[in-house]
Amino acid sequence: MFEARLTQGGLLKKLLDAVKDLVTDGNFDCSTTGFGLQAMDTSHVSLVSMMLRSDGFDHYRCDRNISMGMNLANMAKMLKCANDKDIVTMKAEDQGDTITFMFESENQERISDFELKLMDIDSEQLGIPDTEYTATVRMPSSEFQRICKDLASIGDTVLISVTKDGVKFSTSGDIGSANITIRQSTSADKPEDNTLIDMQEPVALTFALRYLNSFAKATPLSPTVTLSMSKELPVVVEYRISDIGHISFYLAPKIEDEEMDDNE
Amino acid sequence: MKRLRKAEAEDAPLKEAAAASALEDDLEEGAAAAAEPEEAPEVAGAGAGALEARADAAELAAVHGGAGTDPIEDSDEEGAAAPPQAIAAPRKAKGKAMAAPKPAKVKATGLAAGQKKAAAAKGKGRAAAGSPAPAAVKDELLIEGVAGGQASEDEGSPDAGDAAEGEEAGVSAAKAKPLKKAILTYPGDKAPAVKVEGVGTGAVAAAALHEDFNLDALATWAPGKPVPFAFLAATFEEISSESKRHAITRLLTNAIRAILATTPGDLLPAIYLCVNQVAPSHAGTELGIGDAILVKALAEATGRARDKVQHEYSESGDLGVVAFNARATQRTMFPLPPLMVASVFSTFREIARTEGTKSQEKKIKLITKLLVASKGIEPGYIMRALQGKLRIGLAEQTVLAALAQAVLLERGSKSESSNRDGSLAGRLQAAEQAVKLAYSQCPSYDLLLPALLAHPIMEVNEHVAFQPGVPVKPMLAKATTGITEVLDKFAGTDFTVEYKYDGERAQVHVLEDGRVAIYSRNSEDNTKKYPDIAASVPRLLQPGVRSVVLDCEAVAFDREEGKILPFQVLSTRARKDVKVADIKVQVCLFAFDCLYLDGRVLLQRPLTERRSALYSAVSEQPGELLFATAKTSADVEELGLFLNESVAAGTEGLIVKTLDSTYEPSRRSAHWLKLKKDYLEGVGDTFDVAVIGAWLGKGKRTGGYGSFLLAVYEPGEEELQTISKIGTGFSEEQLVQLSEQLKALVIPAPKPYYRYGETLVPDVWFDAKVVWEVKAADLSISPVHRAAAGLVDPTKGISIRFPRLVRVRDDKAAEDATSAEQVAEMYRKQVSTRTYKEVAEDY
């Protein structure tokens with residue numbers, strides 16, 4: 001038996017909005033620790049890792065670990081039917097082939113049940129190695145979203161370079177090129193408006209903007225975003241969701257022309 | 001180009017090697033031609049078959065071989081449509097080469113092209129030419145790299161042809177070293193020069209090379225382990241940069257040997273991948289996935305926007321190249337397990353079989369999965385294979401040859417597979433013929449391969465035979481220019497003459513269990529297209545007949561009038577899932593051959609015997625099944641009369657067959673000749689015409705001219721009057737050459753004495769200085785062309801139909817062109833001599 005009740009029903013909606021364009025199907029894993037999802041996009045270029053800790057729910061019960069395969073677009077269709085302020089409860093039998101979403105309105109006057117058919121998805125266990133990143137940037141999530149959106153109108157890829165002074169996003173395309181630099185700042189009124197850079201050594205990596213823009217759909221979940229990078233490794237774009245967990249996106253870098261010549 | 005020349009100049013050894021190898025290649029090619037005199041016609045047949053030579057133009061193309069200009073015949077083996085192209089090539093000259101890799105000019109470009117800096121490749125190339133054999137494999141790729149890249153860069157310039165040649169020399173230079181030893185030592189000390197009957201020295205030399213086969217160098221996988229797809233893709237890539245048939249065969253033979261020696265179970269999928277099929281053609285399971293699906297899958301797999309992929313595709317024209325380039329720039333999260341030959345093939349088969357609702361999404365998912373796991377050049381060949389166009393210049397006949405050689409060398413006894421007395425070439429050729437024969441009679445690798453692996457290769461024909469339900473490619477007839485030619489060719493043999501019906505070839509199989517299947521010329525299952533035939537044939541079987549295979553022509557037929565209708569009527573018939581009740585166009589089968597009757601395979605029996613089998617197997621029923629009208633005569637007059645009769649009866653003309661000939665599947669055989677109405681007396685004449693304008697070429701003719709406006713001369717008025725537009729019958733090479741010559745003659749506006757139709761204005765006008773001799777099928781009154789206007793018809797001119805270039809008349813000026821009066825005369829002669837004219841107008 002799995003049962004989890006979340007007062008902030010809108011949170012689930014937002015989560016689904018952030019991943020449903022990236023991943024078509026995924027296995028949601030429920031354990032005593034929490035409710036999570038790890039999945040790769042079809043091109044195996046990016047990976048989503050999401051975790052809602054059990055202590056973040058109002059009520060959480062998970063008798064045994066279960067894995068529920070869901071089509072994310074269909075799941076999003078159902079969650080769309082909930083109001084942001086609804087209380088959402090997810091329920092599933094251990095051996096069942098459905099999951100139930102129950103939405104209760106704030107004043108308890110409206111109660112709805114949606115039952116989603118589960119599916120068998122064979123997914124590889126994705127071992128994400130714990131890596132010490134050589135550069136970490138924490139910045140306002142809305143700023144990151146804006147940069148990605150603006151640059152995508154110029155080019156396909158973005159070169160993200162981190163130095164101790166700031167982080168630079170550059171792109172170029174048919175019509176020209178663009179550079180946006182965000183400097184380290186600690187003076188803003190609200191701490192989440194600051195940009196903090198923690199760097200052992202400078203790093204510069206190129207990524208497909210298409211994915212970053214997809215990641216940025218998680219912006220409503222958190223006021224800040226953290227980018228963690230190391231040479232030649234996937235970047236981690238992490239949104240911390242207060243009091244309950246996080247959603248992290250991993251994106252493999254593009255191969256630079258220079259490297260390619262060396263490799264082949 | 002420049003760099004390549006420089007490299008050669010600096011590097012004497014390279015040059016020498018190139019020269020030496022060029023010599024060898026000549027030898028090889030000459031010998032090949034000598035060894036297999038039958039090869040060329042067969043090839044032409046295959047090519048024409050591929051084009052489904054329905055169009056009269058195509059028929060003509062095959063006929064006028066004398067013009068020597070037809071792409072079908074010029075092309076090496078694979079047919080004109082798909083010149084070989086390596087995947088990796090265009091990456092170098094970023095954008096530039098990508099923009100227009102012109103298949104016709106740069107025949108083959110190597111793997112490494114564009115991945116290496118020219119300087120590095122040059123240095124390595126030098127090393128390759130001077131160093132001993134083992135080092136060569138990698139290095140030869142580098143040399144190709146330089147040349148390939150250069151050729152691409154020079155695209156569009158007149159030098160491009162030279163570059164391609166240079167490249168070939170470079171390739172040969174690198175390859176010459178390992179080969180050289182075998183060839184040079186061969187006559188003296190290594191093996192005695194045994195002259196095998198019918199085997200050329202090239203084949204003998206090639207056979208000697210098989211001693212150099214080194215399994216360990218090829219097989220990167222352990223025996224019994226699945227064969228990696230990368231191995232096959234690398235073989236494809238090598239084949240694509242090779243133009244000599246012997247060399248291509250050897251590359252593939254070695255690859256097949258490696259598979260046989262390690263994991264023979266993977267041979268079937270590997271062979272299917274080589275011939276780019278997923279099932280025998282009669283099974284109707286085909287790749288040839290639509291571009292839209294492939295672009296979507298590629299966008300998905302590489303994480304790029306669909307319109308970008310589409311854009312790159314329209315720029316380079318090769319999804320394989322787009323896929324190769326795209327994949328190479330994006331890492332994945334985790335390394336994926338490498339693709340295997342067997343799994344790629346089974347996924348292909350699954351993709352081809354996916355149908356019904358959501359089939360598109362399912363296909364995209366499967367393709368994406370393949371692409372994501374693919375590395376290096378693999379995605380390129382996956383894309384091309386899915387499109388159904390491998391484009392590496394690998395003909396099915398070559399695959400069969402390589403298969404036969406590999407099986408003999410790997411599975412044959414020691415004495416069979418060794419070349420100690422120099423007789424290996426003869427045995428290889430015999431094996432080839434055995435396998436080709438087996439496949440032509442039973443075109444199914446599912447049946448052929450197990451037999452090849454289980455039995456000695458020379459016994460393959462005892463285990464693989466024609467069977468009802470597995471259609472063979474039909475036997476085809478060769479074109480002739482007239483009755484006299486037929487009589488010349490068949491002098492001293494007994495022959496018979498049949499009407500050549502103008503419909504669709506239909507091979508009707510009646511199986512023991514009562515099932516009926518109808519197969520097209522390309523072995524496609526047409527049973528659903530002709531449910532009426534399928535229903536009527538069992539009724540027409542003679543008593544006691546249980547199974548039979550008939551070769552027929554399905555012809556549109558007016559049952560009330562009892563007459564044959566033209567092909568155009570047949571082509572209006574629905575193609576799929578026809579319901580008998582809805583049929584508007586009735587079809588009559590005209591049966592002319594019988595391949596199988598009640599357990600007896602008749603392919604090897606003479607025509608007389610097959611014909612009597614045919615007459616004993618089914619009975620005629622007007623409007624449903626008739627025997628082809630036939631006549632046996634050797635008299636010119638009588639044949640001429642019969643030809644006229646055949647034309648009057650609404651057929652295309654006659655087929656002349658020798659009575660003792662066997663049925664040769666898939667061959668355009670010299671035992672069957674066709675005599676078409678187009679070659680009736682009076683139309684075979686040639687015209688000398690001035691070239692006065694041209695239309696710009698499209699597709700692969702981009703950059704040159706695609707078709708030309710032709711005119712005859714009216715001496716009285718001193719005018720050039722248009723007579724036709726010509727757009728076929730040139731080899732691509734010739735077209736380029738002609739275009740170059742004519743470009744110098746472009747004038748801004750037509751000369752005042754050009755007479756042309758307002759609706760037929762060419763893109764460019766020429767000063768009329770070039771005269772071509774063309775052959776045409778027909779003359780007709782034309783509302784557009786102006787030739788002889790006023791002489792036959794008060795206002796309209798005369799045009800010639802299906803003109804084909806015979807040769808350029810350097811010795812003639814525009815004033816020497818055929819005169820308008822001559823044209824009018826020819827037209828009058830045609831009208832009076834031809835009875836079919838009225839018949840034709842009835843249509």
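Residues numbered from 1 in each chain as written. Chains lettered and ligands numbered in written order. Predicted model: local features only at pLDDT ≥ 70, side-chain atom pairs only at ≥ 80, totals over all residues. Heavy atoms only, no water.

Naming follows an unreviewed UniProt entry, where chain B appears as DNA ligase of Elliptochloris bilobata. Per UniProt, chain B carries the Subcellular location (unreviewed entry) text "Nucleus". Word for word, the UniProt comment on chain B under Catalytic activity (unreviewed entry) is "ATP + (deoxyribonucleotide)n-3'-hydroxyl + 5'-phospho-(deoxyribonucleotide)m = (deoxyribonucleotide)n+m + AMP + diphosphate." (UniProt positions renumbered as here; feature names shortened; annotations may be inferred.)

Per an unreviewed UniProt entry, chain A goes by DNA sliding clamp PCNA and derives from Elliptochloris bilobata. Under the Sequence similarities (unreviewed entry) heading, UniProt states for chain A: "Belongs to the PCNA family." The Function (unreviewed entry) field of the UniProt record for chain A holds the comment "This protein is an auxiliary protein of DNA polymerase delta and is involved in the control of eukaryotic DNA replication by increasing the polymerase's processivity during elongation of the leading strand."

Engineer: Requested: an account of the packing of helix α23 (residues 424-441) of chain B against helix α24 (residues 445-454) of chain B, with residues and values cited.
Structural biologist: All names here are of chain B. The geometry of α23 relative to α24 is characterised by a closest axis approach of 10 Å and an angle of 145° between their N-to-C directions. Regarding α23 and α24, the two cross each other, and that crossing is right-handed. In this structure, α23 uses V435, A438 and Y439 to contact α24, whose residues at the interface are Y445, L448 and L452. Looking at the contact of α23 with α24, its residues break down into 6 nonpolar, no polar and no charged. (Axes fitted to C-alpha atoms, helices over the stretch in contact; angles between N-to-C directions. Helix = DSSP H or I, 4+ residues; strand = E, 2+ residues; numbered from the N terminus. Left-handed = near helix turned anticlockwise from the far one by under 90°. Contact = heavy atoms within 4.5 Å. Nonpolar A, V, L, I, M, F, W, Y, C, P; charged D, E, K, R; others polar.)

Engineer: Quick rundown of the sheet that holds strand β8 (residues 98-104) of chain A? Include the residues and the values.
Structural biologist: All names here are of chain A. Pairing is antiparallel across the open sheet formed by 5 strands, whose spatial order is β5-β1-β7-β8-β9. Whereas interior strands pair on both sides, the edge strands pair on one side only; in this sheet they are β5 (59-62) and β9 (111-117). Strand-to-strand twist across the sheet, computed as the mean angle between neighbouring axes with direction ignored, equals 15°. Bridging between strand β1 (residues 2-6) and strand β7 (residues 87-92) involves 5 bridges; their strand directions are antiparallel. When the bridges of β7 are listed, L6 appears paired with V88. (Pairing = 2+ DSSP bridges.)

Engineer: Run through the sheet that holds strand β13 (residues 177-183) of chain A, naming residues and quoting values.
Structural biologist: All names here are of chain A. Taken in spatial order, the 4 strands of this open sheet run β13-β12-β11-β15, and their pairing is antiparallel. Because the sheet does not close on itself, it has two edges, and the strands there are β13 and β15 (203-208). Between one strand axis and the next, the sheet turns through 15° on average, direction left out of account. Here strand β12 (residues 166-172) pairs with β13 via 7 bridges, running antiparallel. Paired with T171 across the two strands is A178, which belongs to β13.

Engineer: Explain the confidence of the model for chain A residue by residue, including any values.
Structural biologist: When the pLDDT values of chain A are averaged, the result is 90; 95% of them are 70 or greater. Here residues 258-264 of chain A is modelled with pLDDT under 50, and outside its nearest four sequence neighbours on either side it reaches 11 contacts, counting other chains as well. (pLDDT = per-residue confidence, 0-100.)

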